[in-house]
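Residue-level structure breakdown
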Amino acid sequence: MRKLLRNKWFYLVVLALALAWWWLGGSGSATKAPAGAVSVTAAPVTRHDVPVQVALVGNVVAYETVAVKSRLDSQQIVAVPFHDGDYVKEGQVLFKLDDRAIRADIKQFEAALNKEKATLINDKLQYERMEKLVGNHVVSQMQFDDAKAAYDSQVAQVGVAQANLDNARVQLTYTTITAPISGRTGTINVTRGNNVKANDTQALVTINRISPIRLQFSIPQRYYEQVKTAMAGGNLVVKAQHNESKETAEGTLEYVDNAIDVSNGTFAARAVFSNEDEKLWPGMFVNVTLDLGMEKNALTIPAVAVQGDENNRFVFTVDAQNKKAVKTPVEISQNNGDIVIVTKGLADANQVIVDGILRVTDGAEVQVSGIGNQESDNKSQNHKE
């Protein structure tokens with residue numbers, strides 16, 4: 001038992017010595033920090049032309065949506081020549097209604113029109129005859145006026161009969177319900193054998209046009225000027241990707257709202273995508289990347305150097321002369337998780353601490369044991385917020 005205890009204490013002592021050796025820089029590093037100094041790695045502040053991109057969340061909506069309804073009342077559906085979820089083209093037949101009663105009405109109105117036209121011919125002959133006779137004083141002016149009135153009245157009757165026939169023919173076209181737009185159908189809510197109601201609250205079927213398709217999202221107010229400037233320069237590229245896909249769809253910004261939402265400080269925007277492969281679907285939430293152009297000669301540092309929160313960001317710079325860490329407040333404009341663009345607080349000659357930050361305090365003595373390099377990374381990074 002005593003032997004086991006001695007072995008245990010021996011291993012604990014060895015572990016403690018190893019930890020102390022590592023903490024004091026004895027891990028094999030060629031450069032050792034002086035007593036009391038913290039060994040850190042720093043990265044230089046560099047300048048690059050940086051693509052300015054804003055990361056947002058958007059919602060996919062159909063380019064057009066139509067709720068298909070009947071214009072006739074109490075007509076029975078006799079055919080539904082499509083299926084739920086089908087792609088339909090504009091003008092394609094969706095529903096056929098029973099048209100026998102309307103066809104019968106059309107025949108009746110055609111007969112009535114022919115009858116009124118025959119009467120009109122007779123009244124016209126009477127009117128023309130009276131017109132000659134009244135000039136020769138064979139008939140009275142009253143008889144002529146009566147003939148003219150009868151003729152004019154019959155012209156109106158022919159017009160009424162023609163209108164009734166035209167209306168019946170229009171009603172007949174309503175018995176064939178076609179797709180008003182091209183797109184994907186949803187669930188068919190009323191099937192063959194049911195009676196339809198004119199402008200019922202429930203649509204027979206809903207069609208969504210999804211190629212092209214739209215994406216709507218909100219942009220923070222601080223980007224308003226950049227967005228307007230970029231739109232004035234041409235098509236503004238918008239990229240979209242949902243979490244379940246590795247593919248990115250690319251579209252263009254087509255619209256921004258004419259007011260800022262005072263409740264959240266954002267303005268609505270909408271982009272359009274060709275969506276020929278139907279990767280985007282109405283109702284889908286996607287990650288949106290808005291490309292606002294290029295920020296020239298931007299001051300950049302590794303994002304790992306930035307500490308604090310959104311309202312109080314800072315970095316530790318290295319005072320090369322005194323070999324001390326200096327807590328420096330900064331403001332940043334773009335951040336993609338790897339590199340940030342600094343707008344205030346740093347200069348080109350600065351170095352920022354990127355490793356060993358947790359052991360550093362303001363004014364602490366430091367020993368730079370390595371210099372980070374962000375040159376190759378900056379040239380290929382797409383910077384987002």
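This structure is a prediction, so every number in the text was calculated from the model and none was measured.

**What about the pairing of strand β15 (residues 312-319)?**
Here three bridges tie strand β14 (residues 307-309) to β15, and the two strands are oriented antiparallel to one another. Its bridge partner being in β15, Asp309 is matched across the sheet by Asn312. Connecting the antiparallel pair β14 and β15 is a turn made up of two residues. Sheet topology places β15 next to strand β16 (residues 324-329); six bridges connect them, and they run antiparallel. Paired with Val318 across the strands is Ala325, a residue of β16. What sits between the antiparallel neighbours β15 and β16 is a turn of four residues, in which Lys323 has the positive phi angle 55°.

**Brief notes about the pairing of strand β1 (residues 38-44)**
Taken across its seven residues, β1 has five buried, putting it largely inside the fold. Pairing of β1 with strand β20 (residues 366-371) involves five bridges; the strand directions are parallel. When the sheet's bridge partners are listed, Thr41 is paired in β20 with Gly370. In this sheet, strand β19 (residues 351-355) lies alongside β1 in antiparallel orientation, the contact comprising four bridges. Counted as the bridge partner of Pro44 is Gln351 from β19.

**Re the nonpolar core**
If you look at the biggest cluster of nonpolar residues, it comprises 33 residues, and the most contacted ones within it are Leu94, Phe95, Val205 and Ile207. Every element with two or more residues in this core is listed here: β5 (93-97), α2 (100-135), α3 (141-173) and β9 (205-220). The greatest single-element share of this core, amounting to eight residues, is contributed by α3. Residues in contact with Leu94, not counting those within four places in the same chain, are Val68, Ala79, Val80, Pro81, Phe82, Val88, Ile177, Thr178, Ala179, Val205 and Ile207. Counting residues in each nonpolar core, the second largest holds 26 residues, with Leu56, Tyr223, Ala230 and Phe273 among its members.

**Topic: the pattern of salt bridges**
In the structure shown here, the tally under the stated rule is 10 salt bridges. A salt bridge links Arg103 to Asp99, with the shortest nitrogen-to-oxygen separation between them at 3.0 Å. Arg270 serves as the salt-bridge partner of Glu254, at 2.9 Å between the closest nitrogen and oxygen. Remark: Arg270 occurs in strand β12 (residues 266-273) and Glu254 occurs in strand β11 (residues 249-256); sequence separation between them is 16 residues. On the basis of relative accessible area, Glu254 is assigned to the partly exposed category, the value being 31%. A single salt-bridge network, built from bridges that share partners, covers Arg214, Glu254 and Arg270.

**Examining the environment of Lys69**
Tracing the backbone through its elements, the reader meets Lys69 in the loop between β2 (46-68) and β3 (75-79). Relative accessible area serves as the criterion here: at 32%, Lys69 is assigned to the partly exposed category. Distance from Lys69 to Thr206, taken between C-alpha atoms, is 9.0 Å for residues 137 residues apart in sequence. At 2.9 Å, the side chain of Lys69 forms a polar contact with the backbone oxygen of Asp200.

Rules of the game
Residues numbered from 1 in each chain as written. Predicted model: local features only at pLDDT ≥ 70, side-chain atom pairs only at ≥ 80, totals over all residues. Heavy atoms only, no water. Pairing = 2+ DSSP bridges. Helix = DSSP H or I, 4+ residues; strand = E, 2+ residues; numbered from the N terminus. Buried < 20%, exposed > 50% of the residue type's maximum accessible area, 1.4 Å probe, protein only. Core = buried A, V, L, I, M, F, W, Y, C linked by side-chain atoms within 4.5 Å. Contact = heavy atoms within 4.5 Å. Salt bridge = Lys/Arg side-chain N within 4 Å of Asp/Glu carboxyl O. Polar contact = N/O pair within 3.5 Å; in protein donor to acceptor, adjacent residues only side chain to side chain.

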